[in-house]
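Fold and contact review
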Amino acid sequence: GDSVTQMEGPVTLSEEAFLTINCTYTATGYPSLFWYVQYPGEGLQLLLKATKADDKGSNKGFEATYRKETTSFHLEKGSVQVSDSAVYFCALRDNDMRFGAGTRLTVKP
Amino acid sequence: DAGVIQSPRHEVTEMGQEVTLRCKPISGHNSLFWYRQTMMRGLELLIYFNNNVPIDDSGMPEDRFSAKMPNASFSTLKIQPSEPRDSAVYFCASSLGWKGYTFGSGTRLTVV
């Protein structure tokens, strides 16, 4: 069945460092792809999405491009801030939403 | 828009007791999802409804779990009887069509 695999954490970076969190997917159809962020004690919030191949989703400095040839949707940010510390989930939706295991990011000042 | 509203935020109960978690989806959304989150298993989809009809309940762990959606603005997840291994954060999410989900803040359940 459809599934998502994302890089295991935790990831620890210094402020202003470049961030990449890898995500690859397996799907039989043409799913939409998402990144969600979860701050401590809160529910998941939609960060960005892409609905078809070569689409780029972007929000709050984060970007991810839907790569059908490599079945990937890697999350990137050029300069992270302490406030970006959270758990990031890659997800795909065909019928229902399938989430990756989550990657915990800690940004140190 | 108040978003997806879940209640209670925290629930502590004794083993064997019945627990009912509640969810009010965003008005106009036609799909509703119940997830369970634990450190060991991550986010697990328990059940989802489309237009108030249960579509896939294959993620419901066992018969002690049941979910209902009597109307478009309300859903419940019930555990009877509860067990310590049911301790987790339970999230409700809603969506419209193929858009992303909107999650509630979750209910942290502790069964002692």
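Residues numbered from 1 in each chain as written. Chains lettered and ligands numbered in written order. Predicted model: local features only at pLDDT ≥ 70, side-chain atom pairs only at ≥ 80, totals over all residues. Heavy atoms only, no water.

**Thoughts on the side chain of Ser94(B)**
Residues and elements named next belong to chain B. Put simply, the test is: Put simply, DSSP marks the helices as runs of H or I at least four residues long and the strands as runs of E at least two long, and each gets a number from the N terminus on. Using a 1.4 Å probe on the protein chains alone, a residue whose accessible area is under 20% of its type maximum counts as buried, one over 50% counts as exposed, and one in between counts as partly exposed. Any N or O atom pair separated by 3.5 Å or less is treated as a polar contact, with the protein-specific requirement of one donor-capable and one acceptor-capable atom, and with residues adjacent in sequence counted only for side-chain atom pairs. Should any heavy atoms of two residues lie within 4.5 Å, those residues are considered in contact.
Residue position: Ser-94 is located in strand E9 (residues 88-95). Overall, the relative accessible area of 0% leaves Ser-94 in the buried class. Here Ile-26 takes part through its backbone nitrogen, which lies 3.4 Å from a polar atom of the side chain of Ser-94. Residue contacts for Ser-94: discarding those within four places in its chain leaves Val-4, Pro-25, Ile-26, His-29, Ser-31, Leu-32, Gly-100, Tyr-101 and Thr-102.

**Description of the pairing of E9(B)**
All names here are of chain B. Rules: Following DSSP output, two strands are said to pair if at least two bridges run between them.
Where burial is concerned, most of E9 is hidden: 8 out of the 8 residues are buried. Side chains Ala-88, Tyr-90, Cys-92 and Ser-94 project from E9 onto one buried face, and the interleaved Val-89, Phe-91, Ala-93 and Ser-95 project onto a second face that is buried too. With 7 bridges connecting them, strand E4 (residues 31-38) and E9 associate as antiparallel partners. Counted as the bridge partner of Arg-36 is Tyr-90 from E9. Bridging between E9 and strand E11 (residues 107-111) involves 3 bridges; their strand directions are antiparallel. Directly across from Tyr-90, in E11, lies its bridge partner Thr-107. Both E9 and strand E10 (residues 102-103) contribute to a ladder of 2 bridges, which runs antiparallel. Looking at E10, one finds that Ser-94 is bridged to Thr-102.

**Examining the state of the cysteines**
Covalently bonding the sulfur atom of one cysteine to the sulfur atom of another cysteine gives a disulfide. This is how it is decided: When two cysteine sulfur atoms are found within 2.5 Å, that pair is recorded as a disulfide.
One pass over the full model with this rule turns up 2 disulfides over all chains. Covalent S-S linkage joins Cys23(A) and Cys90(A), the inter-sulfur distance amounting to 1.9 Å. Handedness of the Cys23(A)-Cys90(A) disulfide follows from its S-S torsion of about -65°: it is left-handed. Residue Cys23(A) is found in strand E4 (residues 23-26), and its partner Cys90(A) is found in strand E10 (residues 86-93); the two are separated by 67 residues along the sequence. Of the residues examined, Cys23(A) reaches a relative accessible area of 1% and is grouped as buried. Cys90(A) gets classed as buried once you look at its relative accessible area, which sits at 1%. Residue pairing for Cys23(B): its cysteine sulfur links by disulfide to Cys92(B), the two sulfurs lying 1.9 Å apart. Here the disulfide of Cys23(B) and Cys92(B) is left-handed, its torsion about the S-S bond being about -65°.

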